[in-house]
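Structural overview
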Amino acid sequence: MADTRLRRFEWAPVRGVWRHELALFRRYWTSSSFASTVEPTFYLLAFGFGFGSLLGHVAGYRYVDFVGTGVVATAALFTSVFPGMFNTYIRRVYQHSYEAVLAAPVDVHELVAGEASWIAVKSGLFSCVPLLVAMAFGLHPAVGMLAVPIVTILTASGFALFGIWASTVVPSINSFDYVITGVLTPLFLVAGTFFPISGLPGWARTAAHVNPLYHCVELVRHAVFGLHPLADLGHLGALALFAAVMAFLAIRGMRRRLID
Amino acid sequence: MADSPAIILRDVVKRYRDKDGSQITAVDGLTLDVPAGVCLGLLGPNGAGKSTTMRMLTAQSRADEGEITVLGHPVPAESKEARALMGVVPQTDNLDEELTVRQNLEVFAHLYRVPRSGRRRAVERALEIAQLTGRARTRVVNLSGGMRRRLLVARGLVHSPRLVLLDEPTVGLDPQVRADLWGLIAALRDEGTTVLMSTHYIEEAERLADTCAVMSSGRIVAQGTPGDLIAHHAGDSVEEHHGPPDRLAEIETLVRRAGLPTRRTGPTVSVLRAERIPPSLADALGNGDRVVRRAASLEDVFVVLTGENVG
């Protein structure tokens, strides 16, 4: 390593983190792929065909298509926020992995960028699987579907960073129960995934508009069924803002926990 | 640059706030130079501030006062540049157990920015140094404690650093594994790599360190070669007196009255600088089976300076 000045943000540490994750993924890809793809598919089948047989159409869509697009968003949420919370907590507190990484020429923001980007890409791609399943059950393919991975990767970035931030806030690993029940469950329910938010009380509809998952659901549906350019720019902006705020909080939280 | 010290610490202070809100000064005005190409043993009891000092050198702990320069780079301002040039072997085993030996090294070759063209060679070299070439494809979880410790050292050397920080490198290891690691560290030192090694094992410092700094309560209380430290603080020889507690207390009083240092180790009082015991005192102390004379050691220096027995 030559004695040269290094930039404030470099890609080498991100590549190093990815190298680590790829090595782990190569070992565990079957189990992690199974969990990440089959679980949302079960939701899709259970709700889509279970409720679908009772409801027929919701908000102008076949219910199975409505749920098929909604489950994409919930998959993006769960496959990003859980690794963000648990992996980073375990590596920081129990494995002390980050102490070794930060002894190398890696700064906290580069470490967070590496961890979050890996989770986001993996989660963003996995969460498109329910869409393929929905297509197998009659969802019409559309060119806009090609934009879905971009939406899910952006959504997963925000939630991965939220998870990393949460891992720096909780006093113990058991405290994640508060985050899961108190934050994630309401986000999951009030996002228009399984039922439209138009049926909710006014306050809940207002709350849904600050729910990043709602913006993801809307974008996915519009990508599949037809874009609403102006509204979609707003949804995209909301997701980007969410990811940016979470990046700030995650980096600040990790810095406080790792540097004394 | 060649003549400037690899590490310069000037009046460094690090304070922590305890859980009950009280303030703890872990490092209290530390001033220390580690010359390039030297193995310096940072000796001190637990809680002396050694690990905090190590963390400050990698900017994982930020000094409240003072200046730190590592390989010409002010820390923390240019710590990234400094970290690129040094390797760290932590006290805690933080290898990735799920990965193989080679994968652990490859990840850190990336993090240390070893160029792609030399990465494979760098990993092979690190495997050779740690004598783990035959275990390259073994998952870390299946390695013995000694192998894991050697891998930790190899990980810190994968980028051929100019400076290596070893934080208690052999703590908790059995004698055979410790001897293996000593061989590894000695080879590093002989190659001209600057080594800063914190330890509370006296024998480790005596065998490996060109020079030692004794740390107590966050400060350097003595520094020099092991020989100089022994000569200056413990003299040539030590007289160990065995006996009942009352007799030991009496010996301590007599010896201190004569201006000589003593140390108590269980049922023994050791009189340092025994070569200076005047004849009149020698008569009062007596001799025979209950008195043993031996050469002064670095352990005597450690105990005298830190007030702590070696664990």
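This is a predicted model, so every value here is computed, not measured. (Residues numbered from 1 in each chain as written. Chains lettered and ligands numbered in written order. Predicted model: local features only at pLDDT ≥ 70, side-chain atom pairs only at ≥ 80, totals over all residues.)

1. Quick notes on the pairing of strand β2 (residues 23–34) of chain B
Residue and element names in this part refer to chain B. Put simply, the test is: If DSSP finds at least two bridges between two strands, the strands pair. The helix and strand labels rest on DSSP assignments: H or I over at least four residues marks a helix, E over at least two residues marks a strand, and numbering proceeds from the N terminus.
Across nine bridges, strand β1 (residues 7–17) lies against β2 in antiparallel orientation. Looking at β2, one finds that V13 is bridged to D28. What sits between β1 and β2 in their antiparallel hairpin is a turn of five residues, with G21 showing a positive phi close to 95 degrees.

2. A look at the sheet that holds strand β3 (residues 39–43) of chain B
Strand pairing in a sheet is mediated by backbone hydrogen bonds. Such pairs are either parallel or antiparallel. Residue and element names in this part refer to chain B. In plain terms, the rule: Lines are fitted to the C-alpha atoms to define the axes, a helix being fitted only along its stretch in contact, and any angle between axes, read from their N-to-C directions, falls within 0 to 180 degrees. The contact criterion used here is simple: two residues whose C-beta atoms, placed from the backbone, lie within 7 Å are in contact.
Pairing within the open sheet is mixed, and its six strands lie in the order β6-β7-β8-β3-β9-β10. On the outer flanks of this sheet lie β6 (86–89) and β10 (219–224), each paired with one strand and no other. In this sheet, neighbouring strand axes are inclined to one another by 15 degrees on average, regardless of whether the strands run parallel or antiparallel. The sheet contact formed by β3 and strand β9 (residues 211–216) spans four bridges and is parallel. Bridge pairing in β9 links L40 to T211. Across the sheet, helix α5 (residues 145–157) is in contact with β6 and β7 (163–167); its angle to β6 comes to roughly 165 degrees.

3. Side note on the UniProt feature "transmembrane region" (unreviewed entry) in chain A
So the rule is basically this: UniProt positions are given in the numbering used here, feature names are shortened, and annotations may be inferred rather than shown by experiment.
Sites flagged by UniProt as "transmembrane region" (unreviewed entry) map to residues 42–60, 66–86, 119–139, 145–166, 178–197 and 233–251 of chain A. With 60% helix and 0% strand, residues 178–197 of chain A has end C-alpha atoms that lie 24 Å from one another.

4. What to know about helix α2 (residues 63–94) of chain A
Residues spaced three or four apart along an α-helix face the same direction, because each turn holds 3.6 residues. Residue and element names in this part refer to chain A. The test is simple: Given the number of residues in a helix, its expected span is that number minus one, multiplied by 1.5 Å. Think of it as a crowd count around each C-beta: if 20 or more other C-beta atoms lie within 10 Å the residue is buried, if 12 or fewer it is exposed, and in between it is partly exposed, with C-beta placed from the backbone throughout.
Across its 32 residues, α2 extends 44 Å between first and last C-alpha, which sits within 8% of the 46 Å expected from 1.5 Å per residue. The element α2 is largely enclosed, with a buried count of 27 among its 32 residues. Two residues or fewer past α2, H96 is found with a positive phi of approximately 55 degrees.

5. Describing the sheet that holds strand β13 (residues 268–271) of chain B
All names here are of chain B. Pairing is antiparallel across the open sheet formed by four strands, whose spatial order is β12-β13-β11-β14. Either end of the sheet is taken by a strand with one partner, and the two such strands are β12 (262–265) and β14 (291–295). Across this sheet, the average inter-strand angle for adjacent strands is 25 degrees, counted without regard to direction.

6. Topic: the interface of chain B and chain A
Operational definition: Following the grouping adopted for this structure description, the nonpolar residues are Ala, Val, Leu, Ile, Met, Phe, Trp, Tyr, Cys and Pro, the charged ones are Asp, Glu, Lys and Arg, and the polar ones are all others, Gly among them.
At the interface, 25 residues of chain B touch 28 residues of chain A. Put simply, the parts of the chain that give the side of chain B that touches chain A at least two residues each are α2 (79–85) and α3 (101–111) of chain B. Of the residues that constitute the side of chain B that touches chain A, the class distribution is nine nonpolar, eight polar and eight charged.

7. Describing unusual backbone geometry
Residues and elements named next belong to chain B. With an omega of 15 degrees, the peptide bond between V75 and P76 qualifies as cis. Take P76: it is sitting in the loop between β5 (73–75) and α2. Of note in this structure, A59 is not a glycine but carries a positive phi near 65 degrees. Topologically, A59 is positioned in the loop between α1 (50–57) and β4 (65–70).

8. A word on the packing of α5(B) against helix α6 (residues 175–190) of chain B
Angle between the axes and distance between the axes are the two parameters that describe a pair of packed helices. All names here are of chain B. The cut-off we apply is this: An angle counts as roughly parallel when it lies under 35 degrees, as roughly antiparallel when it exceeds 145, as roughly perpendicular when it falls between 65 and 115, and as oblique in every other case. In a left-handed crossing the near helix is turned counterclockwise from the far helix by less than a right angle, and in a right-handed crossing that turn is clockwise.
It is at 10 Å that the axes of α5 and α6 come closest, and there the two elements cross at 20 degrees. Of the possible angle classes, the one that applies to α5 and α6 is roughly parallel. Judged by the sense of rotation from one axis to the other, the crossing of α5 with α6 is right-handed. Every residue of α6 that contacts α5 at G145, G146, R149, R150 and V153 is listed here: V177, D180, L181 and L184.

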